[in-house]
Each structure stands twice: as structure tokens, then as C-alpha cells.
Amino acid sequence: MASITLEGLKKTYGGNVDAVKGIDLSIEDGEFVVLVGPSGCGKSTLLRMVAGLESITQGTLKIGDRVVNRLEPAERDIAMVFQNYALYPHMTVYNNLAYGLKNRKFNREQIEARVQTAARMLEITDFLQRKPRQLSGGQRQRVAMGRALVRDPAAFLLDEPLSNLDAKLRVQMRVEIKQLQRRLKTTSLYVTHDQLEAMTLGDRLVVLNGGQIEQVGTPMEIYARPASMFVAGFIGSPAMNMLPLDYLHVQGSGALLHDLPENTDTVGIRPDDMLLQAPDSPHFTVEATLVLFEAAGAESHLYVQLADSEQPTVIRTSGQPPVSEGDTLTLHIAREAIHPFNSASGKRTGG
Amino acid sequence: MVENRPWANVFAHLMLIGGVALVVFPVYIAIVASTQAPGDLLRGSLPMWPGSHGWENYKAMWSTGLSRAGAPPAGQMLWNSFVMAMAITVGKLSISLLSAFAIVYFRFRFRMFFFWLIFITLMLPVEVRIIPTYQVVADLSMLNSFAGLSIPLIASATATFLFRQFFMTVPEEMLEAARVDGAGPLKFFKDILMPLSITNIAALFVIMFIYGWNQYLWPLLITTDPDYYTIVMGIQRMTSEENPQWHLIMAAVVLAALPPVLVILFMQRLFVKGLTETEK
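Conventions used here
Residues numbered from 1 in each chain as written. Chains lettered and ligands numbered in written order. Predicted model: local features only at pLDDT ≥ 70, side-chain atom pairs only at ≥ 80, totals over all residues. Heavy atoms only, no water. Contact = heavy atoms within 4.5 Å. Buried area = accessible area lost by both parts, 1.4 Å probe. Salt bridge = Lys/Arg side-chain N within 4 Å of Asp/Glu carboxyl O. Polar contact = N/O pair within 3.5 Å; in protein donor to acceptor, adjacent residues only side chain to side chain. Helix = DSSP H or I, 4+ residues; strand = E, 2+ residues; numbered from the N terminus. Pairing = 2+ DSSP bridges. Domains from an automatic or database assignment. Phe/Tyr/Trp six-rings, centres within 6.5 Å; stacked < 30°, edge-to-face > 60°. Buried < 20%, exposed > 50% of the residue type's maximum accessible area, 1.4 Å probe, protein only. Axes fitted to C-alpha atoms, helices over the stretch in contact; angles between N-to-C directions. Parallel < 35°, antiparallel > 145°, perpendicular 65-115°, else oblique. Left-handed = near helix turned anticlockwise from the far one by under 90°. Nonpolar A, V, L, I, M, F, W, Y, C, P; charged D, E, K, R; others polar.

Here we take up the interface of chain B and chain A. Each partner contributes residues to the interface: chain B has 18 residues there, and chain A has 27 residues. Note on chain B versus chain A: buried area summed over both sides is about 2,000 Å², and carbon and sulfur give 54% of it. Run the count over chain B and chain A and you get three salt bridges. The salt bridge involving Asp181(B) is made with Arg151(A); its shortest N-O contact spans 4.0 Å. Seen at the junction of chain B and chain A, the total is 14 residue pairs in polar contact (both at pLDDT 80 or more). Tallying contributions element by element places helix H8 (residues 172-180) of chain B first for the side of chain B that touches chain A, with seven residues.

Okay, unusual backbone geometry next. Residue and element names in this part refer to chain A. For the peptide bond that leads from Ser 237 to Pro 238, omega is -5°, which places it in the cis range. Looking at the element boundaries, Pro 238 is found in the loop between helix H8 (229-234) and strand S11 (241-244). Notably, Tyr 85 is not glycine yet its phi reads approximately 75°, a positive angle. The residue Tyr 85 is located in the loop between strand S6 (78-81) and helix H2 (93-103) in this model. The phi angle at Lys 185 is positive, at roughly 55°, despite the residue not being glycine. Of note, Lys 185 is situated in the loop between helix H5 (167-184) and strand S8 (187-192).

Turning our attention to the pairing of strand S2 (residues 17-27) of chain A. Residues and elements named next belong to chain A. Looking at chain direction, strand S1 (residues 4-13) and S2 are connected through eight bridges and run antiparallel. For Ile 4, the partnering residue across the bridge sits in S2 and is Ile 27. The hairpin formed by S1 and S2 contains three residues between the paired strands, and Gly 14 there has a positive phi angle of roughly 50°.

Pairing is antiparallel in the open sheet, where five strands are placed in the order S13-S17-S14-S15-S16 (chain A). Unpaired on one side and paired on the other, strand S13 (274-275) and strand S16 (312-318) of chain A mark the two borders of the sheet.

Once that is clear, we can look at the side chain of Lys43(A). Following the sequence through the fold, Lys43(A) ends up in helix H1 (residues 43-51). A distance of 3.3 Å separates a polar side-chain atom of Lys43(A) from the backbone oxygen of Gly37(A).

The next point concerns the pairing of S1(A). Relative to strand S4 (residues 58-63) of chain A, S1(A) runs antiparallel, the two sharing five bridges. Within S4(A), the residue paired with Glu7(A) across the bridge is Thr60(A).

This paragraph deals with the domain arrangement of chain A. Residue and element names in this part refer to chain A. With domains assigned, chain A is organised as domain 1 (4-233) and domain 2 (243-341). Computed over C-alpha atoms only, the centres of domain 1 and domain 2 are separated by 39 Å. Listed by partner, the interface residues are seven residues for domain 1 and five residues for domain 2. Of all residues in domain 1, Tyr 223, Pro 226 and Met 229 give up the largest surface area on contact with domain 2, accounting jointly for 73% of the area buried on that side. Scanning the region where domain 1 abuts domain 2 turns up zero salt bridges. Inspection of the region where domain 1 meets domain 2 yields one residue pair in polar contact (both at pLDDT 80 or more). Here the side of domain 1 that touches domain 2 gets three residues from one element, more than from any other, and that element is helix H7 (residues 219-224).

Another point: the packing of aromatic side chains. All names here are of chain B. Applying the stated criterion to the full structure yields 23 aromatic pairs over all chains. Relative to Phe 161, the ring of Phe 115 has its centre 6.2 Å away and its plane inclined at 25°; by these criteria the two rings are stacked. Of the two residues, Phe 115 is situated in helix H4 (residues 111-121) and Phe 161 in helix H7 (residues 157-169); the sequence distance between them amounts to 46 residues. Given the relative accessible area of 5%, Phe 115 is considered buried. Taking the relative accessible area as the measure of exposure, Phe 161 reaches 26% and is therefore partly exposed. Ring centres 4.9 Å apart and planes at 50° place the aromatic pair Phe 119 and Phe 161 in the tilted group. Of this pair, Phe 119 sits in helix H4 while Phe 161 sits in helix H7, and the two are 42 residues apart along the sequence. Taking the relative accessible area as the measure of exposure, Phe 119 reaches 19% and is therefore buried.

Turning our eyes to something else, we now look at the sheet that holds S1(A). All names here are of chain A. Ordered in space as S2-S1-S4-S5, the four strands form an open sheet in which the pairing is antiparallel. The outermost strands of the open sheet, each flanked by one partner alone, are S2 and strand S5 (66-67). Across the sheet, H1 lies against S1, S2 and S4, angled at about 115° from S1, the strand it touches most.

In helix packing, the relevant descriptors are the interaxial angle and the interaxial distance, both defined with respect to the helix axes. Residue and element names in this part refer to chain B. Interaxial distance between H7 and helix H10 (residues 198-213) falls to 11 Å at its minimum, and their mutual angle equals 165°. Considering the angle they form, H7 stands roughly antiparallel to H10. Between H7 and H10 lies a crossing whose hand is right-handed. In contact with Ala 159, Leu 162, Phe 163 and Phe 166 of H7, H10 contributes Asn 200, Ile 201, Leu 204 and Met 208. Split into classes, the residues belonging to the contact of H7 with H10 amount to seven nonpolar, one polar and no charged.

Below you can see the structure in the form of C-alpha cells.
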């Protein structure tokens, strides 16, 4: 177990394509950090740089106190779980787990003991003599986890390990991974594009965009105070609604909004914060026409057209409110639910 | 076919039976001819049913051969052919596996240049380069030796190319997982790549073995010592005599056809197994 420190890590392909543009990050011993971002944001490249599968163009990477920039993956004392599992198809599950240990010259009893322990932990003891193709997707995923587990490495690196599973299994494995990490307290770096996975798994989230860090923080910090319009749109589903500040002034809500930080020209409002009933706290109202009603069981999504605006806007409410498509609704927005942004810089205003 | 039309079925079977009969008939004639008495085949009419001299013909061919035509016993020629074919097959497989491994997995200078160099030699069959090759083998005094019979035929662009294509379909993560698991290049090759290629190896083994077994021109050129005659060229020598002993020659032909058949039967099990066990 060890901490991982990234200092100014850069990756440049073919001389001029910057995939990762200088990342500073320090991951504490035993921490579960999730790298999240849209495809092409460099999150997988960054993980592979930590693993040693991609070379580091510039910067320093430390695992524990050791600079590992130029070490082979095997020498970095890390274990990796791949998106497509990358199990060796011709080996039994047992040998898949044992292969890394054999290469590290463990003796037979040690290998047997470690494989059995890992297999028990992941409940794959019954499949040890099978080949990967005889297993279901979820079982293969467990074997891939097991291969990382037996090694007892300084850090786990997981590259979208759940994206090949169906929705139900994904939730189940997500919970198991979280419990496993809590129990083992192994430093983990987890890559995903799924913001729900990111929110639920990570001790801390790193939101990446275009090869740079947008924001680092606990999931709730990031949800409550997104540092930029990008983060605001990426974390939370449905995405946060963005409205020009001028629009709200025209709608006659200016009085409540004059104390927003300087340079604010756009405000973000989460779909949950657009209420059909007036709250007790200071709030303002906008008129909107209901375009589409989406019932999703415990909650409903209301796609509305704000009066005198082209802006597509979504509202989330619990239950099924008694409204029908074409109705005119009055939406109540509490003053404290407003996230102020500057559209030119894309950043949150007022720190 | 999903349709169930009885007449189409009958037609298909007739076509298949006709095709098989066409292929099998010459083989049948060879077997029949190899069981006749010495004079029977020279009378002009070919018997359609097996004769009663099979055992003695095969025994004569196996142990004494046709010394009058300068051919050693078939047993020895079969052995020579076997050694040569095996040397060519094993040599070709190991060299092409290793060179394909180098070309696919290592980023060295002039990698594509070497690949194309190998690829271009595909276009030069043995017959085209036979005179310079003969010169080289003669200068190295490898005439009349197993080394001379097999080494010049070992390099194989075809096998290298096929293995390259196969290696490129192996997911990159397999290599990465092996690297994380602490396997170096040779370990990866031995533990992961070779077992994954076993089907291809078996298929190429069959093709290469038959290629080696059927070599005619090259052994004819470089062997003058009967101790190194191979069966295919030996048969040719027997037929060039004034009164060819057809019953014995046919026995030799049948014997010569057996080893490739055995190789196919044995390897077939292996690659059918390989095919059904391939993932997804």
C-alpha cells in the first residue's frame, strides 16, 4: 500500500497532440480516487501512464517514495483491471490468478493460499478449474478483480471495469468493489465515464476535461459547488440547466439576484431545484410550457419551454405531479439553489 | 440451408458422391495395381479387383526396393522423406513464429522494411532461385545431407505473414495484462501467444509437412547418394527404367501417400478441438 503522487504529468503523442496536459494530483494511502470525464478527456491515458503502459512525456510519477517514471509495469507494484478483463483464454481461472505470482517466483503453497483467499473473497471458488469462456460476464469480471487481488499490490488501477456488464450487474459489482476496497484499504485509481459510478464509488473525484483537471473534491463537494460550467453539466443527471442572467432580469427576478458575484452572466439550476410549489425561503418564479412529460417511477422528468426563451430545460420532481403536456407551469426557484457562472471563462464566479 | 426440399437434398448428395468417386478412383486403382503379380500390369488391360500378391509386393518394396532401378528400399526412403519433411516443418514454424512475433510486437528501426522484404520473397518460388541456392549449398558442402535437403526450404514468408495477421488480432490488453503480471517478451510469447496460436500452428503444420513431403525437384538435384533419396524422387527413378515394375511402383506410391494422411488425421483432431474451444 502506498500513496501515488503525480507532478506535472504530461503526455504528447506524435510530437504535437497533447492527450494529458500537466496533471498534479496526490492520492493518499488507502484512498479511492475516481477519474471521471467524457471520452477523449485523457482519463484512460492518465491511468495507463500510472500503470506504466504509456510512457510519460514530462513530469514525475511517484508510488510511495519511489519515482517510477521509467519502470516496467511489473516493477511498479500495481495491479490493473481492464475494461474487457483481458483474461488469458487458454488458462483456467486458477492459472489466470496464479500467473502473476508464478512470474514473481512465489512457491506453490503461497500461490495456492493466495488464490484460495482471493477466490473466497470474490466467491469464485467453484469456477477455479474452468476456462474464462465458460463464465458469464459477471463471473469474468470477478476473475479480473481476483487477478488484481492475489497480488496484494500497492495500488489497484481500474479502467472502466464495469462498462461491459448489464445495468443490474453493474450496480451489484459497484457495491462489491466499494466494500472490497473499504475492507482491503488498498489505494485505488478508478476510471469511468459514468458519473453515477463516480459519485458512489470515490472518496474523491477528479473531473477531467481535454487533458486537464477541472475539479478535484469529494463527490458531494463537487455536486454542491461545481467549479465550472463543464463540471456542472457533467455531474448530476439530468444535467444542470443553464440560463442567461439577463433572462432572469427580464423576467422580473432582478431584485433577488443583485448580490450575485461580479462577472456572473449565467446561472445554473439543478433540475431538482425547479419547484412546482413555492418554497418558504426567498425565491423567484418563471413561467414555462410543458413540452414532454416523462414518468420514471419514483420520479418524473418534465421537459419545459421557458416563456420567451429557446433554452431547453428539464425539471425533476418526485412522484407524478398532476400536469399534462401543453400546460403552463409556474416554476419556483429558491435563491440559494442558484450556481453563478461566467460564460466567457466557464468558471464559477465568487470562488 | 433452411429449406427442406427432398429433391435438392438428393441432388446435393449425388453431386457429392460423384465428386468423391472422381477423386477416390485413381487411389483405388493404385491400391489394386499394387496387389497384382509381376506380369499382370504389362498385358495392357488394367484389373478392376485386388489381386492376391499384395503382401509380397509390399514386403519386397519395403525391405529390398528396386535395386535394378537404383532405388533403395522404400522403408529407408520413407524415413528420409520423413526426416526432411519434419525438419522443414519444424524449422519453418519456429522461424516464422519468431519473426512474426518480432514484427508485430517490437518497434525497431526499419520494421516495415523487413516485413516487406520477407513479403517480397513470397513471390520467388524455389524453382526460380534454384541455381544460386544449389551453388550455396554445394559451396557449404551440404550436398547429400539432411541439412542440405531441408535448410534451404525452411524460410517461409507465407507462414510469417499468416502468423503476423493472427498476432494482430490478439487483443492488445493481453500483452498489457501479461506485462502487469510480470511476464517479459519471451515469457509472453511462450505462455500466452503460442498456446493461443495452437490452431494456426496445427493447420500450418499440415500444410508445411505436405509441402516438405512432396518436394521433388530439390532432392533430385542435390542427392546423388541413394542413402539420401526421398520417396517422391525414388518413385520417379523407378519409373524411368526400361521395364517399369508397375506393381512394385504402385506399392511404393501407396506407402508414400500414407504419412501425409496420418499427419492430417492426427492434426485434424487438434485443430477441430482448437476451433471449438476458441473464445466467442
